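# Results of the structural survey
Take a look at the letters that make up each chain.
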Amino acid sequence: MSSLAAVREGYERFDPRAYLQNNYVPPRADFSSEDCVVPWKLRCLAETFASGEIRGRTLIDVGSGPTIYQLLSACDHFEEIVATDYLAVNREELQRWARGEPGTFDWSPFIQHVCKIEGRGEPWQEKERRLRGRLRRILPIDVHRPDPLGSPLRPPADALLSAFCLEAVSPDRATFARALGHVGSLLRPGGHALLLGALGESFYLAGAARLPVVPLAEDDVRGALAGAGFVLRRFCSYAMPPALRTGVDDVDGVFFAHAQKPMEA
């Protein structure tokens, strides 16, 4: 069994560009098919934000990695988005994209697809500008500390989003559950939490790094949310088809969960 120290050591070799190539180009990012995993993730998020229920001043994205796709539907509903990551290389990748520097990963097919499924006829360049404008802070985070940002988020976030983070930095299910409780402290009472994550995955590759993942079942996720005090609003899952099992990981599927932090009595 991997230790937390071993997990931290493994991430010193994390290569953001290799990770993006492994997961965010075809075949996994094939927008010609709604059955592909990336369009499925984008649709889960778009449908959830389309309700208009999840909105406010601040959304915090926990463990953003080098990606922005998870924020595309969210950026229409919040004044400020706070991205976070443990690794400086990932924060730097996000900062370069936010500044519009040349040579960053091309997210335009993702933005175009989200605009299409949202169905408002918005030019994709406008959504890109909006996200860049609202991505105001990119902060270091350690989800294994009771105070993940090192100091409380003031005011607490109205919503929390986290995609493929907690299970990828936790050596076991108990550590995953504790980390979920830690990041939940960043959210105001009554706030919403949206999680995307891997099911049945034990490793993934990012360049020279072979990174351990705690293999989760659906019941593990449901139990961790309940243990952290969340009320589950929606849960769905996606089975990874053989054509998308490319050898860069051993993931069985993906889950999406929408949960809510109860109001204080």
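So, here is what we can say about the structure in this document.

Each value, and the rule that gives it
- Residues numbered from 1 in each chain as written.
- Predicted model: local features only at pLDDT ≥ 70, side-chain atom pairs only at ≥ 80, totals over all residues.
- Heavy atoms only, no water.
- Helix = DSSP H or I, 4+ residues; strand = E, 2+ residues; numbered from the N terminus.
- Buried < 20%, exposed > 50% of the residue type's maximum accessible area, 1.4 Å probe, protein only.
- Lys, Arg positive; Asp, Glu negative; His and termini not counted.
- Salt bridge = Lys/Arg side-chain N within 4 Å of Asp/Glu carboxyl O.
- Polar contact = N/O pair within 3.5 Å; in protein donor to acceptor, adjacent residues only side chain to side chain.
- Contact = heavy atoms within 4.5 Å.
- Pairing = 2+ DSSP bridges.
- Axes fitted to C-alpha atoms, helices over the stretch in contact; angles between N-to-C directions.
- Phe/Tyr/Trp six-rings, centres within 6.5 Å; stacked < 30°, edge-to-face > 60°.

We now examine the side chain of Asp85. Along the chain, Asp85 falls in strand 2 (residues 78–85). Although Asp85 is buried, it makes no salt bridge; Arg91 carries the closest opposite charge, 5.8 Å away. A distance of 3.0 Å separates a polar side-chain atom of Asp85 from the backbone nitrogen of Leu87. Residues in contact with Asp85, not counting those within four places in the same chain, are Gly63, Ser64, Gly65, Asn90, Arg91, Leu139, Pro140 and Ile141.

The side-chain alternation of strand 7 (residues 209–212) yields one buried face, formed by Ala209 and Leu211, and one unburied face, formed by Arg210 and Pro212. Pairing of strand 6 (residues 203–206) with strand 7 involves four bridges; the strand directions are antiparallel. Paired with Leu205 across the two strands is Arg210, which belongs to strand 7. The turn joining strand 6 and strand 7, which pair antiparallel and follow one another in sequence, is formed by two residues; a positive phi near 75 degrees is taken by Gly207.

Moving on: the sheet that holds strand 9 (residues 253–260). Spatially, 3-2-1-4-5-9-8 is the arrangement adopted by the seven strands of the open sheet, whose pairing is mixed. Each edge of the sheet is formed by a strand with only one pairing partner; in this case those strands are strand 3 (135–140) and strand 8 (231–239). Between one strand and the next, the sheet's axes are offset by a mean angle of 15 degrees, whatever the strand orientation. Alignment of strand 4 (residues 157–163) against strand 5 (residues 187–199), held across six bridges, turns out to be parallel. Within strand 5, the position partnered with Leu160 by the bridge is Ala193.

Next up on the list: the packing of aromatic side chains. Across all of its chains, the model carries 16 aromatic pairs by this definition. Where Tyr24 meets Phe110, the ring centres are 6.2 Å apart and the plane angle is 55 degrees; that geometry is what we call tilted. Here Tyr24 is found in the loop between helix 2 (16–23) and helix 3 (37–50), whereas its partner Phe110 is found in helix 5 (residues 108–118), with 86 residues between them in sequence. Judged by relative accessible area, Phe110 falls into the buried class, the value being 2%. Summarising the aromatic geometry, the rings of Phe235 and Phe255 are spaced 6.0 Å apart at their centres and angled 5 degrees between planes, so their arrangement reads as stacked. Here Phe235 is found in strand 8, whereas its partner Phe255 is found in strand 9, with 20 residues between them in sequence.

These results come straight from atomic positions and should not be treated as a statement about function.
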